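Observations on the model geometry
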Amino acid sequence: MTRYLWRVIARQLHRSRTLLGLTVLGVALGVASVVAIQTLNQGSLLAFDGSVRAISGQADLTVTGALPTLPESLLPIVLGDPDVDGAWPLVRADVAVAGRPDLNLDVVGFDVFAPVRYPLLDAAATQQDPLASLTAALSQPGWVAVTPELAAAEGWAVGDTVTVSSGSRAKDLVIGALVDFRRFEPLAPRRLAVMDIAQAQESFGRRGRVSQIDVVLREGTDPAAAAARLQAALGPGARVQTPEQRRQDASGLLAAFRLNLTALSLISVFVGVFLVLTTVQASLVRRRREFGLLRSLGATRRQVLGLVLGEAAALGLLGTAAGIPLGWLVARQNLQTVSATLTSIYVTEGIDRLVLPPTVVVLGVVIGLVGALGGALLPAWDLARRDPSRLLSPLAVHDAAGRGAGRLALGAAALAGAGTLWFAAWGHGLRFGGFLYGFVLMLALPLLVPAVVRAACGLARPGGFGPALGLRNLRARLQTSSFAVAALAVTVSMMFGITILVGSFRQTLVTWLDVTIRADVYISSESWQRTGNDAFLEPDVLGTLAGWPGVVSLEEQRRLRVATVDGRPVWLNGLRLTDRPLPGVPQADLAGRLPLLAGSPEAAVAGLRRGGVLIGEPLARKAGLGVGDTLRLAGPRGPVALRIDGVSYDYTSEGGTAFVAMDVLTTRFDAAPPNNAALFLAPGSDVEATVDALRRAFADRPLVIRSNRTLRAEVLAIFDQTFAVTRTLQVMALLIAALGVSVTLLIQAHERAGELALLRALGASRRQVFGLFLGEGTAMGALGLLLGLGGGLGLAALLILVINRTWFGWTIRPAWPAGDLAVQAAVVLLVAAAAAVYPASRARLAHPGQLTRDDL
Amino acid sequence: MGDDILSLEAIGMTWDADRGAGRTVLDGVDLRLGRGEAVALVGRSGSGKSTLLHVAAGIAVPTAGRVVLVGHDLGTAGEEARTRLRRDHVGLVFQFFHLLPHLSLRENVALPGWIAGDDHARTHERADRLLGRVGLLDRAGDAVGRLSGGEQQRVALCRALLRGPALVLADEPTGSLDDRTGREVMDLLLDLTRQEGGALLYVTHSRELAARADRSWLLVDGRLRAEAAA
């Protein structure tokens, strides 16, 4: 039988190469979606992991602070622990490279005499006078070593000077050596740069402070016990973690982002299953007598089942073979936007290099095989269970489909009803409840398709050779038409669901920006804008800004990354509150700029003045906090308890955000100068002219000066960029669904050869036959749209009201992005029509002399 | 000549003629049909009867000779033009009916009118009138799958006559029916065609049915040998 299987596969590949080619492409796209997303997901984790390994690869423990930096005086305490074999401090600064808008360096300052195995020493050893390199690192101002990859990409050579900035402070660095971190850590970011710790502290305003202390323990020491002891010795201002704990933190931070993309990519696989189902079904109908003959000759049901599944597995493997490299290419194509999202929204390591992990390859193979076998199982089982005599007799498969449509619709209603009851009773309380409910709804939707197609097409009253006749034809071929419409319906549901979510989110964001972004001019630094990490505006900058003509109020903001006492990361924002309302500038009144979800603006401002805190909605939802509760943050000298005076809508981060008065930040969190400043101008001032004048005045400083209008546009651009990868997934799913239309119509062109020959014999022109098929493809698109609209609304409600709130914690006000939806609907119809072009061009070739007695 | 609905002059048809030694199906066939005339074509299987009908309908292009249909030389007409001529002047009846199972009786009959883009109401009115003449009007809205063979062929006759074609070509119209039903269908075919003023060329194995025509020809090895009987 195996020999027969191979012969059959070879014959099918030869005979039905177009059909199988399209199916393989569909499987490939499904596999590619998953492979691309998993590669990017893994890439985001591996980027962080690579960074940790490259910098702290030898460390058993890492000491970080409750605040971004630690006092270097903690080092002796660490070294004093009996189980510590070695420890060295590191200073890290994410700096912007002047003149390179997309480039920032992760500068690591380290003690060149520390027992740390950095390739700097290897680099020095290859030079003629290694000691000279080390001496230069210590003595030459701005000496830095960069990776050879970055140097090659930027055209830098040893001896070149590169201007970088941290906050408003610019610094010239001199390329002293090239160090290849990837020699011992293949995933090391190429933007790593190393320099002497003292120089780093001096250059980037970290005097007396370090970013972390890496610790090597004596052999045989239990890291957990040592960590606990060190934690106790260092006090609440420090946090002692193993590398694994740090990786878990990063993984948890990105969990929602990764899960959402994974769920979306699986929809492509689901759509691909319908494609396989259509092809296998058609193939089996065509070869029914062959299987009847095999059964008559003694082949068992199991052998027949195995034969069909074997063919499907071959399809799956071919699709997988194409899908994995395709997925890799898609991942590479989306690398920049995903990386930008990671850095701008999650403030984590961006991805500058992708690898295709073996686990993702295995996953791709499994997905391809499971999808293909899943698609083939039902028709294969249906075929295998039949008696040989039934297989040898003529078949009215479409009549059977018509009879089953009602039962399937009842099944759909039962499934959706049971799912809704389950979700209402239990599911809504589960973290994955929303996803499961969405999956059930997407499962129920295809079951509803045959009944809807039958009913909708049944309404058609052909009065000519036009669309109504096409609809009647779809109804007559319910079995194959339904699969294509189901694939389209699921795809459109996903497209519309996401479009409504994104449109609603964007509208909510615009409203939120209207309330919160009220100043006329915003000032930050290049490094802050790109990395969001510590970067300060120096006092002289603030002084100049405050005294600038036309400025009636300067509002400073300081943003500090801290954590709750139980380790939840929180962006703590310090606001310098004005003492009195500014006459003529009502927009500067803070109470008017607080988009509160809970609490009153006046009470919230009063609370802030008293030392209270305002928390963002995601933090409130995820930590279960509300007005009147206490937010407990890890401070440099122990826990800091702050009374919550308001909960505000906040879309700056899906993690925690909180707002306190600047003096709270200064006194209780040792905050350095502000990161940002906002200017309120006198009424009637020309904002853009002021921005231009400020830019000219600060031309030699690495500042980013934007008007209100520009800032809002940039925020929305970042928002749009965040969903770029989602759009790629939508396109891939739509392509698979379009392939479903092509495959279905190709099958129909074959099955309906007699009908087409008759039409031609009765005088239908080739153009009319072409138009008939094109109309049928468009009708499939329209039916998919109709069903997808319903599915999309359900999915949008689930995404906005359940999944988003559970996983991201944002309130999104539902909106109806009519323009976007109309464009997408037109695209779906166009794509469906385009997918019909090739089958239509085949169908138009039907010859009126082809009628045989078996036709029709 | 000027009144001829169909004129076949020295028609030859050789399959795979371009490959050298092809198989000759028709060889020097001459045939004329005048308005209102019924001609039967008799011959054994494989003698070229169906091919001759295909040539007459403009479905197949002969490798030799000239076909003139209602004054139009099919040899000089392109594929689209031949299709239009067939649509406007020819009605086809097949041995196996070839009705579309997902359309009702009325819709099957109306199909040529839909293809031609005729007025919807008039087409359906005409379809109903024809169905009434074959006794199937009360079932006009039914699916064709519920009909007997004879009933299906009656629907097919209506379809062929819907647009009042100048020429009706019937390829063994009774071949799938029992004798009695076959005779009934043949009666209808001859009567309706005459009433509609069209010419009829039909293929049959039956000498009895051939005898009902005005003229009948015997096709042997691709040649119209001799007029069998009138």
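The paragraphs below set out a description of the structure included in this document. Since this is a predicted model, take the numbers as computed values, not measurements. Residue numbering note: each chain is counted from 1, following its sequence as written. Each chain takes a letter, starting from A, and each ligand takes a number, starting from 1, following the order in which they are written. The predicted origin of the model limits local features to residues at a pLDDT of at least 70 and limits the giving and counting of side-chain atom pairs to 80 or more, whereas totals for whole chains, interfaces and linings rest on all residues. Values reported for side chains reflect all heavy atoms of the structure, with hydrogen atoms and water molecules removed beforehand.

Re the overall build of chain A
When you go through chain A residue by residue, the secondary structure sums to 29 helices and 21 strands. Along the longest, intermediate and shortest principal axes, the C-alpha atoms of chain A span 95 × 70 × 50 Å. We call a residue buried when its accessible area falls under 20% of the maximum for its residue type, exposed when it is over 50%, and partly exposed in between, using a 1.4 Å probe and counting protein chains only. For chain A, buried positions account for 58% of its 856 residues. Put simply, of all contacts in chain A between residues at least 6 apart along the chain, 82% involve residues at least 24 apart. Method for areas: the Shrake-Rupley scheme with a 1.4 Å probe, in which residue coverage is limited to the protein chains shown. Entry remark: accessible area of chain A is about 33600 Å², with carbon and sulfur atoms responsible for 60%. In this charge count, Lys and Arg are treated as positive and Asp and Glu as negative; neither His nor the chain ends contribute. In this description, the location of a charge corresponds to atom NZ of lysine, CZ of arginine, CG of aspartate or CD of glutamate. Of the charged side chains in chain A, 78 are positive and 63 negative, and the gap between their average positions amounts to 15 Å. Only DSSP runs of H or I with at least four residues qualify as helices, and only runs of E with at least two residues qualify as strands; both kinds are numbered from the N terminus onward. Only heavy atoms matter for contacts: two residues are in contact if any of them lie within 4.5 Å across the pair.

A word on the nonpolar core
Think of a nonpolar core as a cluster: buried Ala, Val, Leu, Ile, Met, Phe, Trp, Tyr and Cys residues, connected wherever their side-chain atoms sit within 4.5 Å. Counting 165 residues, the largest nonpolar core has Leu759 of chain A together with Leu6, Leu26, Leu111, Leu167 and Leu169 of chain B as the members making the most contacts within it. Sorting elements by how many residues they give to this core places helix H18 (residues 478-516) of chain A first, with 21 residues. Excluding its chain neighbours within four sequence positions, the residues that come into contact with Leu759 of chain A are Phe465, Ala764 and Leu772 of chain A together with Leu100, Leu111 and Ile115 of chain B. Listed in part, the 39 residues of the second largest apolar core include Val63, Val164, Met195 and Ala200 of chain A.

Overview of the packing of aromatic side chains
Residue and element names in this part refer to chain A. Two rings from Phe, Tyr or Trp (for Trp, the six-membered ring) form a pair when their centres are within 6.5 Å of each other. A pair whose planes differ by under 30 degrees is stacked, one over 60 is edge-to-face, and the rest are tilted. One pass over the structure, following the stated rule, counts 13 aromatic pairs over all chains. For the pair Phe270 and Phe439, a centre-to-centre distance of 6.5 Å together with 50° between the ring planes defines the contact as tilted. On the criterion of sequence distance, the pair formed by Phe270 in helix H10 (residues 255-286) and Phe439 in helix H16 (residues 433-458) is long-range, its members being 169 residues apart. Relative to Phe723, the ring of Phe505 has its centre 6.4 Å away and its plane inclined at 80°; by these criteria the two rings are edge-to-face. With a gap of 218 residues between them, Phe505 in helix H18 and Phe723 in the loop between helix H25 (708-722) and helix H26 (724-751) connect regions that are remote in the sequence. Across the pair, Phe723 and Phe505 agree in class, each one buried. A connected cluster of aromatic rings, assembled from ring pairs, spans Phe505, Trp512, Tyr651, Phe719, Phe723, Phe808 and Trp810. Positioned above the aromatic ring of Trp807 is the side chain of Arg431, whose terminal nitrogen or guanidinium carbon lies 3.9 Å from the ring centre. Criterion for a charge above a ring: Arg CZ or Lys NZ at most 6 Å from the ring centre, at most 35 degrees from the ring normal. Lying over the aromatic face of Trp571, Arg559 brings its terminal NZ or CZ to 4.2 Å of the ring centre.

Section: the interface of chain B and chain A
In this assembly, 22 residues from chain B lie in contact with 28 residues from chain A. Defined in terms of a 1.4 Å probe, buried area is the accessible area two parts forfeit on being brought together, summed over both. When chain B packs against chain A, the two sides together hide about 2300 Å² of surface, and 66% of this comes from carbon and sulfur. Considering only the side of chain B, the residues that lose the most area to chain A are His98, His102 and Ile115 of chain B, jointly responsible for 27% of the buried surface there. Salt bridge, as applied in this entry: a Lys or Arg side-chain nitrogen positioned within 4 Å of an Asp or Glu carboxyl oxygen. There are two salt bridges connecting chain B and chain A.

A word on the sheet that holds strand E5 (residues 72-73) of chain B
Residue and element names in this part refer to chain B. The four strands lie next to each other as E2-E1-E4-E5, forming an open sheet whose pairing is antiparallel. Since the sheet does not close on itself, it has two edges, and those belong to strand E2 (23-34) and E5, each with one partner. Taken together, the two bridges between strand E4 (residues 64-69) and E5 define a ladder with antiparallel strand orientation. Note on E5: the bridge partner recorded for Leu69 is His72. In short, DSSP must find at least two bridges between two strands for them to pair.

Some details on unusual backbone geometry
All names here are of chain B. Even without being glycine, Val70 reaches a positive phi, approximately 35°. For Val70, the location among the structural elements is in the loop between E4 and E5. On the accessibility criterion, Val70 (24% relative accessible area) is partly exposed. The phi angle at Phe97 is positive, at roughly 65°, despite the residue not being glycine. Checked against the element boundaries, Phe97 lands in the loop between strand E6 (90-93) and helix H3 (105-116). Given the relative accessible area of 10%, Phe97 is considered buried.

Some words on the packing of H18 of chain A against H26 of chain A
All names here are of chain A. Fitted lines through C-alpha atoms serve as axes, helices being fitted only where they are in contact, and the angles separating the N-to-C directions of these axes extend from 0 to 180 degrees. Put simply, H18 and H26 touch, their axes get as near as 9 Å, and they point 165° apart. Between H18 and H26, the angle falls in the class roughly antiparallel. Between H18 and H26 lies a crossing whose hand is left-handed. For the pair formed by H18 and H26, the contact residues are Thr480, Ser481, Ala484, Ala487, Leu488, Thr491, Met494, Met495, Ile498 and Thr499 on the first element and Thr726, Leu729, Gln730, Ala733, Leu734, Ala737, Gly740, Val741, Thr744, Ile747 and Gln748 on the second. Think of it as three bins: nonpolar holds Ala, Val, Leu, Ile, Met, Phe, Trp, Tyr, Cys and Pro, charged holds Asp, Glu, Lys and Arg, and polar takes everything else, Gly as well. When its residues are assigned to classes, the contact of H18 with H26 shows twelve nonpolar, nine polar and no charged. Roughly parallel here means an angle under 35 degrees, roughly antiparallel means over 145, roughly perpendicular means 65 to 115, and every remaining angle is called oblique. For a crossing to be left-handed, the near helix must be turned anticlockwise from the far one by less than a right angle; the clockwise case is right-handed.

Concerning helix H24 (residues 687-697) of chain A
Residue and element names in this part refer to chain A. Taken together, the buried positions of H24 are Thr690, Val691, Ala693 and Leu694. For H24, the buried positions fall inside an angular range of 165° around the axis, keeping them on one side. Of the residues that open H24, the one with a side-chain oxygen 3.2 Å from the backbone nitrogen of Glu688 is Asp686. Along the arc lie the directions from the helix axis toward the C-beta atoms. Polar contact is defined as a pair of N or O atoms within 3.5 Å, subject to the rule that within protein one atom must be able to donate a hydrogen and the other to accept it, and that residues adjacent in sequence are counted only when both atoms are side-chain atoms.

Some words on the pairing of strand E12 (residues 521-525) of chain A
Residue and element names in this part refer to chain A. Among the five residues in E12, five count as buried, and that is most of the element. Side chains Val521, Ile523 and Ser525 project from E12 onto one buried face, and the interleaved Tyr522 and Ser524 project onto a second face that is buried too. As defined by bridge partners, E12 adjoins strand E20 (residues 676-681) across three bridges and the pair is classed as antiparallel. Paired with Ile523 across the two strands is Ala677, which belongs to E20.

Let's talk about the packing of H18 of chain A against H25 of chain A
Residues and elements named next belong to chain A. Where H18 meets H25, the axes come as close as 11 Å, and the angle between the chain directions of the two elements is 155°. When the interaxial angle is binned, H18 and H25 end up roughly antiparallel. Of the two possible hands of crossing, H18 and H25 adopt the one that is right-handed. Contacts between H18 and H25 pair Val502, Phe505, Arg506, Leu509, Val510, Leu513 and Asp514 from the former with Arg712, Val715, Leu716, Phe719 and Asp720 from the latter.

A word on the pattern of salt bridges
Residue and element names in this part refer to chain B. Taken as a whole and judged by the stated rule, the model has 39 salt bridges over all chains. Here Asp27 and Arg223 are joined by a salt bridge, their closest N and O atoms 3.2 Å apart. Taken together, the residues Asp27 in strand E2 and Arg223 in strand E10 (residues 223-227) connect sequence positions 196 residues apart. We note a salt bridge from Arg126 to Glu196, for which the minimum N-O separation is 2.7 Å. Of this pair, Arg126 sits in helix H4 (residues 120-133) while Glu196 sits in helix H6 (residues 179-196), and the two are 70 residues apart along the sequence.

A word on the environment of Val144 of chain B
Residues and elements named next belong to chain B. Its location among the elements puts Val144 in the loop between H4 and helix H5 (149-161). Through-space distance from the C-alpha of Val144 to that of Leu100 is 7.6 Å; in sequence the pair is 44 residues apart. Among all residues touching Val144, those that are not within four sequence positions of it are Leu99, Leu100, Pro101, Leu103, Ser104, Leu105, Asn108 and Gln152.

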